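Structure at a glance
Here is how the chains run, residue by residue.
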Amino acid sequence: MSNSVHDDHETTCKKISLPSSSVSKELDSNTQKLKSGRDDDESSSVFIISGKNPTTSSLQRWRKAALVLNAARRFRYTAEIAEERRIERLRRLRSMAFAVLAINRFMQAGKLADHSLGDVKINAHDLVHIVQGHQVARLQELGGVRGVTELLKTSIENGIKDDEHGLEERRKAFGINDYPRQPAKSFWMFVRDASKDLTLIILMISGVISLGLKMKTDGPKEGWYDGVSIAVAVLIVILVTSITDYRQSLQFSALNEEKRNIQVGVIRGGRRKQISIFEIVVGDIVFLTIGDQVPADGLLVDGHSLYMDQSSLTGESEPIHVSQKVPYLLSGSKVQDGYGIMVVTAVGMMTEWGQLMAAIGEETGEETPLQVRLNGVATLVGKVGLSVAAFVFGISIIFYFVGHLEGADESGKFKAGRTSGGDIFNTLVEIIEVAVTIVVVAVPEGLPLAVTLNLAYAMKKMIADKCLVRRLSACETMGSATTICSDKTGTLTLNQMTVTKTWVGDRMRDPISGLDELDQEYRSVLIEGIAQNSTGSVFLAPEGEGQPEVTGSPTEKAALLWGLQLGMHYTEIKSKSTILQVEAFNSIKKKAGVAVRVKENGKVRVHWKGAAEIILEQSGRVQCPDNIVLQITPDQRSHLLSVIEGMAAESLRCVAFAYMELNETEVPPEDKLEEWKIPEGPLTFLAIIGIKDPCRPEVPEAVRRCQAAGIKVRMITGDNITTARAIASECGILKEGDLAIEGATFREYSDDMRAALLPKIVVMARSSPTDKLLMVSALKESGEVVAVTGDGTNDAPALREAHIGLAMGIQGTEVAKENSDIIIMDDNFASVVRAVRWGRSVFLNIQKFIQFQLTVNVAALTINFVAAVTAGHVPLTAVQLLWVNLIMDTLGALALATERPHDGLLNNPPIGLRDPLINNIMWRNILSQAMYQVTVLLVLQFRGTKILGLDGPKAEDINRTIIFNAFVFCQLFNEFNSRRLEEQNIFKGLSTNWLFLGIIGITIVFQAIIVQFLNKFASTEDLNWKYWLISIAIGFVSWPIAFLVKFLPVPEKPILVLKHQRRTKRKIVAAGDSEEAAPSAAL
């Protein structure tokens, strides 16, 4: 088997070869140069962090600056340095113990050492020791690699039998390819975290004290209501919070499982297929190509130029050469260069990788930039709330002791020497309860957590849109993308390639019938090159049972299918020669070669194929139809170049075939073949094929929508510049006035010229991974928010450097996926656009929730403040405020943070990384609604009994109940207003949002129960239908107010900007993250 031309560097097989780490080091050094000088402080704002890999110091700063009621919920991922070190030491000890226990558990469950597989004469432990211990002598005793395959009852050509019974027997004998997960955080742990809220603890203590006092003064029959009411309200808050957090945790766990489910190429029953990594069994024959992760321990059966990256296991970055002499492959290592075929010898917990993964457990997660920014908003609002609560507490104490405020439980006003100590203490407890409850409502703990809820919902739904999110912050950042650098093959095109034009011998010919007149020797050499110089394969079904199955990259499949149409007998051609050495394809040379020895006559041929102009440049002769070889004249070379240009202008990928014959003296002895570099010319030119890969039908519209949304689409490809121009024009990317250049040209620009031309460059052809990295860095330096797609191993630096790295799910390598933020599961550019839409939706949903919550905060604080100052008491009790807090925090977040995105989001420009969270439109909406609520409810507070005509002993209690009821309905109606920040039609899309309607309905039902039936519990009185209508009408008025205020213009400049700390003037070096250099953070 040999390697050959893959799709350009943007496709799976276009994975750059790294025979040493030199290229990798060069890319890494370039990245470091571009990032040099990055300020460790990251930002002048405490509440602004980088979207990728924020420093520990920045996380520590914002944590210390945040006002927090419950650190267990707010700081799940942000560790303190000292604590982090202590936990790390403990984790190492636990990891070793856990690994030992896990191995024992698996051994006992599967009885791996004792269970036999038919007449297999080797056990699991023996195989483990051979591979992990590199036991050469023991391997030779068993007959080498082929001897082991025979002992495992597998075939190198056909693999194991593909029947479920046989597979299950292998699992019982050798184990499954999985490892035990560390126990997930249980529901009760979330309950414990929710219970750590300081204010809730104070309320519980107050409730217990109140319970004891009331039962003593009023007796058990009547005295238990107040204390138990507060306790039950607190427990409900804890329970609802815990359920919400637990469900988020389950969603993230499910997404982690999806990320681990890697697809692996195997051969079973003679047929090549893709299976899940968890389905691998001992004896499987696995195909490895550049960028793949080795799915299990095994031995190399066949392969060439195979270099492995074992840094994840050993920590050593230098690649390891695996060959027939040293055939040991370890699970978890990655293919850095070459390709190979391996037989699996150990799986799951019998591998070092399985033990390691079982020990380290799940990823810890991350704090996203939006969560941190919202902590800044929560801190500001919380400080205001604490001030109001402290003022209310102080003024209530003063008013009580000067005789201006009634005591608790109708104990009357304070009278020195006459009021009992019990009444004083009871009143103080009640004042504390109210003050603490104001803090609960005022400090918006749910604000940062709403982001997590929103992201969990978005990540789950994005899977249906073919986007698998690997990094939470990418959901947010996609909404800010201003440019998308896209690959061509498979992303903008269908990746369904067929040979539509050919130049063979001396002229353009029909791809099939036109080759009939060629000399037989000419055809045989060409077909040999097609079959042997390929990483694809052909499965020939039994006669009469269907067409041959061709596997491999799209380019490989197109070439092999063309060969089959020419009458190629694949198995026969492969058997007629032996592969001596392979030159793997890479995106710098853009060609692949193979040296073969013909068994019949011993001739050695070197076949090359690759980018047509490159193969032509290295060819000195051309094969004629009658098999005569002639020198290529200048006129003929010009003619061939025009043929290539003509094909490329028709959007065809041009691939050329050529070969050369070697003398025996030019071929090294067998023991030197591993180090042999096959010659590159002079070649004899054979043929050019034009491969058509149609543009995806949905791409032009997706590109148009991106452009309308203020996002510039750029195409970066390894293809010929003429082909690139044609495809870019067809997709709507390249327009009049835009530039299409080659990677080498872009590389040679000076910094000033590159910066000047960058806005016009939309196509970069014949680009290398270094060119792609340079493009991404230059765009970031110019202030763009960059999303970049990639699939090859050497796309990893560009994927890491970009604000959002998008790896291809079908054609992408595991290395590319690991360095990405989002995996596009169908490799379709239209899915990238859907990801943009989700990113904008995440930000907008958070703004909706902020508007809703801050309206409640402003109204509640103002009402309590004014009432406390003027009347000496607040209108809402502790239980009532806790219910409002539940509506505001958890239920509000569920209702507003789970709105699905709509196409209208793409009619707006990108969201700036520093756009204010609370813009002027939101301030207009918040202040108008809060002013209305405060005005109406204060009027009811001071004049309600007279306006409503209330009299009798319960007049004040009914009035307070109406205030409470009206306040809740104001929030419910305002929840509808918050669905649309700018649009007048707040009901748009409401009929499809069943969760929103369900939460509103549930809230109304519980409000009715609280008011009508839980009078003792919530300190309410029954309301008749007239007062219910009044409460609803007060809430309903918020709709016309919201409609009218949206006609009021607002200034573009933010009204309120929070500047956290001034930054000392430092020079920001070229590629420091643009988002880390902001001087201030707008609320």
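Residue positions are counted from 1 within each chain, in the order its sequence is given. Only residues with pLDDT of 70 or above have their local features reported here, since the model is predicted, and side-chain atom pairs are shown and tallied only from 80 upward, although totals for entire chains, interfaces and linings are computed over all residues. Only hydrogens and water are set aside; all other atoms, that is, all heavy atoms of the structure, feed into the side-chain values.

A tally of helices and strands in the chain yields 38 helices and 28 strands. With 1083 residues in all, the chain has 58% of them scored as buried. The contact criterion used is simple: two residues touch if any of their non-hydrogen atoms lie within 4.5 Å. Contacts in the chain between residues far apart in sequence, at least 24 positions, make up 75% of those at least 6 positions apart. Here a helix means four or more residues in a row that DSSP labels H or I, a strand means two or more in a row labelled E, and each is numbered from the N terminus. Exposure classes here rest on a 1.4 Å probe applied to the protein chains alone. A residue is buried below 20% of its type maximum, exposed above 50%, and partly exposed in between.

Glancing now at the UniProt feature "transmembrane region" (unreviewed entry) in the chain. When the UniProt feature table is mapped onto this chain numbering, "transmembrane region" (unreviewed entry) sits at residues 198-215, 227-246, 380-402, 434-456, 854-874, 880-897, 994-1015 and 1027-1048. Secondary structure content for residues 994-1015 is 91% helix and 0% strand, and the end C-alpha separation is 31 Å. UniProt positions are given in the numbering used here, feature names are shortened, and annotations may be inferred rather than shown by experiment.

Here the focus is the nonpolar core. The biggest cluster of nonpolar side chains holds 74 residues, and the ones touching the most others in it are Ile438, Phe964 and Phe967. The element contributing the most residues to this core is helix H34 (residues 955-977), with 13 residues. Sequence-distant contacts of Phe964, defined by excluding residues within four places in its chain, comprise Leu876, Gln880, Trp883, Val884, Gln1007, Ile1010, Val1011 and Thr1020. Core analysis: the next-biggest nonpolar cluster, separate from the first, contains 72 residues, Ala456, Leu472, Ala787 and Ala893 among them. Among buried residues, those of type Ala, Val, Leu, Ile, Met, Phe, Trp, Tyr and Cys that are joined through side-chain atoms within 4.5 Å constitute a nonpolar core.

Looking at the element boundaries, Thr149 is found in helix H7 (residues 144-151). The exposure class assigned to Thr149 is buried, which follows from its relative accessible area of 3%. If near-sequence neighbours (up to four positions away) are discounted, Thr149 is found in contact with Thr154, Ile156, Val301 and Val343.

Restricting attention to buried positions, one finds in helix H8 (residues 164-174) the residues Leu167, Arg170, Arg171, Ala173 and Phe174. As for H8, its buried residues are in contact with helix H5 (124-132) and strand S1 (263-268). Positioned one or two residues after H8, Gly175 has a phi angle of 100 degrees, which is positive.

Stacked, tilted and edge-to-face are the three classes applied to pairs of Phe, Tyr and Trp rings, where Trp contributes its six-membered ring and a pair requires centres within 6.5 Å; stacked means planes under 30 degrees apart, edge-to-face means over 60, and tilted covers the rest. Throughout the structure, instances matching the rule amount to 19 aromatic pairs. Ring geometry for Tyr457 and Trp838: centres 6.2 Å apart, planes at 65 degrees, overall edge-to-face. Here the residue Tyr457 occupies a position in helix H17 (residues 446-464), and Trp838 occupies one in helix H31 (residues 829-870), the gap between them amounting to 381 residues. Accessibility assignment for this pair places Tyr457 and Trp838 in one class, buried. Between Phe973 and Phe1036, the aromatic rings sit 6.1 Å apart at their centres with planes inclined by 90 degrees, giving edge-to-face as the arrangement. Remark: Phe1036 occurs in helix H37 (residues 1025-1036) and Phe973 occurs in helix H34; sequence separation between them is 63 residues.

Here we come to the side chain of Asp487. Residue placement: Asp487 occurs in the loop between strand S9 (483-486) and strand S10 (498-504). Here a polar contact means two N or O atoms within 3.5 Å. Within protein one must be a hydrogen donor candidate and the other an acceptor candidate, and residues neighboring in sequence count only if both atoms are side-chain atoms. Looking at Asp487, its side chain comes within polar contact range of the side chain of Lys772, at 2.9 Å.

Okay, the pattern of salt bridges next. For salt bridges, the criterion is a side-chain nitrogen of Lys or Arg within 4 Å of an Asp or Glu carboxyl oxygen. A full pass over the atoms with the stated rule returns 37 salt bridges. We note a salt bridge from Lys677 to Glu583, for which the minimum N-O separation is 3.6 Å. With Lys677 in the loop between strand S19 (652-662) and strand S20 (683-692) and Glu583 in strand S14 (residues 577-583), the pair connects residues that are 94 residues apart, well separated along the chain. By relative accessible area, which is 14% here, Glu583 ends up buried. Within the structure, one salt-bridge network assembled from shared partners comprises Glu521, Glu528, Arg605 and Glu661.

Take the environment of Gly805 next. Within the secondary structure layout, Gly805 lies in strand S25 (residues 804-808). On the basis of relative accessibility, which here comes to 0%, the residue Gly805 falls in the buried class.

Another aspect to go through is the pairing of strand S24 (residues 786-790). Remember that side chains alternate between the two faces of the sheet whenever the strand is regular. Counting buried residues in S24 gives five out of five residues, a clear majority hidden from the surface. A two-sided burial pattern is seen for S24, the buried positions comprising Val786, Val788 and Gly790 on one face and Ala787 and Thr789 on the other. The pairing criterion is simple: DSSP has to find at least two bridges between the two strands. Relative to S25, S24 runs parallel, the two sharing four bridges. Its bridge partner being in S25, Gly790 is matched across the sheet by Ala807. Think of it like this: strands point away, you trace from the first strand over the helix to the second, and a clockwise trace means the crossover is right-handed. Handedness of the crossover joining S24 and S25 through helix H29 (residues 796-801): right-handed.

On the secondary structure map, Asp506 appears in the loop between S10 and strand S11 (507-509). Look at Asp506 and you get partly exposed, because its relative accessible area is 39%. Remark: the alpha-carbon pair of Asp506 and Gln623, spanning 117 residues in sequence, is separated by 8.2 Å.

The subject of this paragraph is the environment of Arg192. Within the secondary structure, Arg192 is located in helix H9 (residues 187-194). With relative accessibility at 44%, the residue Arg192 sits in the partly exposed group. Separated by 46 residues in sequence, Arg192 and Ile238 have C-alpha atoms that sit 8.8 Å apart.

Bringing the sheet that holds S24 into the picture now. Taking strand neighbours across the sheet as the criterion, the eight strands line up as S8-S26-S25-S24-S9-S21-S23-S22 in an open arrangement whose pairing is mixed. Looking at strand neighbours, the two that pair on one side only are strand S8 (467-469) and strand S22 (739-742), the edges of this open sheet. Across the sheet, the axes of successive neighbouring strands diverge by a mean angle of 20 degrees, strand direction being ignored. Lines are fitted to the C-alpha atoms to define the axes, a helix being fitted only along its stretch in contact, and any angle between axes, read from their N-to-C directions, falls within 0 to 180 degrees. Along the sheet, helix H28 (residues 769-781) contacts S9, strand S21 (712-716), strand S23 (761-765) and S24; its crossing angle with S24, the most-contacted strand, is approximately 170 degrees.

Turning next to the packing of helix H19 (residues 520-532) against helix H20 (residues 554-565). The N-to-C vectors of H19 and H20 enclose an angle of 145 degrees; their axes lie 9 Å apart at closest approach. Both H19 and H20 take part in a crossing whose hand is left-handed. Two secondary-structure elements touch here, H19 through Leu526, Ile530 and Ala531 and H20 through Ala559, Leu560, Trp562 and Gly563. We call a crossing left-handed when the near helix sits turned anticlockwise from the far one by less than a right angle, and right-handed when that turn is clockwise.

Attention now moves to unusual backbone geometry. With omega at 5 degrees, the peptide bond leading from Gly681 into Pro682 counts as cis. Structurally, Pro682 can be placed in the loop between S19 and S20. One non-glycine residue, His134, adopts positive backbone phi at about 50 degrees. Take His134: it is sitting in the loop between H5 and helix H6 (136-141). Positive phi, close to 75 degrees, is recorded for Asn627, a residue that is not glycine. Tracing the backbone through its elements, the reader meets Asn627 in the loop between strand S17 (619-623) and strand S18 (629-631).

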